[in-house]
Amino acid sequence: MKAAVRPGSGGCLISSAAGCDAWIAERSAAELTEPFTFVVGTDNALRLAPRRSEHAPCVGGEMVLSAGEISFTREADRWTVGEVSNQSTGHCPYVTSWSAVARALDDVERGQPSGFTHEVVFRRCPDCQVHNIVREGDIVCVFCGSELPETWNVDPAV
Ligand SMILES: [Zn+2]
């Protein structure tokens, strides 16, 4: 049976080791050389989608606990987590959302790093409202040149 990954459908819910194996088994070799996008929903469960659907694997506009990109590497006879980042310009998760990712990864028994292997810092521009990725402390909006706030301000509730 084909996994139910359709563009915009929210990605495929992965809540067990067997489910994760089945999902990875359906990916092509080319897909597996690239990171996948993931979302951890407020139900604490992991959702995965091929990267080409980036920004689609959201939980239908709902709040998420974390999101980003994840890659798997083949180790002996199983797939383990390679790199995990919070790089999701759709959700702009805070770096401390790792605890939610760690919990979700526990359920799929993949092994995991001790934190994001690549941390991305986001700021929402107060003027043009575009989400920026802050690189090396350069906190100026790349779109309009406005100065970005010192602290994380992406969460719409803040
Ligand atoms: Zn701006």
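Right above here is the structure, for reference.
It should be emphasised that the depicted structure is a prediction, and the values quoted were computed from it without experimental measurement. (Residues numbered from 1 in each chain as written. Predicted model: local features only at pLDDT ≥ 70, side-chain atom pairs only at ≥ 80, totals over all residues. Heavy atoms only, no water.)

A.B. asks: Would you mind going over the pattern of salt bridges with me for this structure?
C.D. replies: Pairing is possible between side chains of opposite charge, provided their charged atoms come close. A complete count under the given rule lists three salt bridges for this structure. The closest approach of N and O atoms between arginine 27 and glutamate 31, which form a salt bridge, is 3.1 Å. Each of the two residues, arginine 27 as well as glutamate 31, counts as buried. Of the charged contacts, one joins arginine 47 and aspartate 43 as a salt bridge, the two residues approaching to 2.7 Å between their closest N and O atoms. Residue arginine 47 is classed as buried on the basis of its relative accessible area of 12%. (Salt bridge = Lys/Arg side-chain N within 4 Å of Asp/Glu carboxyl O. Buried < 20%, exposed > 50% of the residue type's maximum accessible area, 1.4 Å probe, protein only.)

A.B. asks: Teacher, can you tell me more about the coordination of the zinc ion here?
C.D. replies: In an ideal tetrahedron of four donors about a metal, each angle is 109.5 degrees. In an ideal octahedron of six donors, the angles are 90 or 180 degrees. At 2.2 to 2.3 Å from the zinc ion lie its protein donor atoms, namely Cys125 (SG), Cys128 (SG), Cys141 (SG) and Cys144 (SG). Every donor counted, the four donor atoms about the zinc ion form angles of 105 to 117° at the centre, which fits tetrahedral coordination. Between consecutive donor residues of the zinc ion, the sequence gaps follow C-x2-C-x12-C-x2-C. Residue classification places cysteine 144 among the partly exposed residues on the basis of a relative accessible area of 39%. (Donors = N, O, S within 2.8 Å, 3.2 Å for Na, K, Ca; no water. Tetrahedral: all angles 85-135°; square planar, octahedral: opposite > 155°, others 65-115°.)

A.B. asks: Help me out: how do you make sense of the sheet that holds strand S1 (residues 12-14) in this one?
C.D. replies: Pairing between the strands of a sheet is mediated by backbone hydrogen bonds and can be parallel or antiparallel. On the basis of which strands lie adjacent, the open sheet formed by five strands has the order S1-S3-S2-S4-S5 and antiparallel pairing. The sheet is open, and its two edges are formed by S1 and strand S5 (78-85), each paired on a single side. The mean angle between the axes of side-by-side strands here comes to 40°, regardless of whether they run parallel or antiparallel. Relative to strand S3 (residues 46-49), S1 is paired through three bridges, and the arrangement is antiparallel. Its bridge partner lying in S3, leucine 13 is registered against arginine 47. With respect to the sheet, helix H1 (residues 17-25) is in contact with S1, strand S2 (36-41), S3, strand S4 (64-75) and S5, its orientation differing from that of S1 by roughly 140°. (Pairing = 2+ DSSP bridges. Helix = DSSP H or I, 4+ residues; strand = E, 2+ residues; numbered from the N terminus. Axes fitted to C-alpha atoms, helices over the stretch in contact; angles between N-to-C directions. Contact = heavy atoms within 4.5 Å.)

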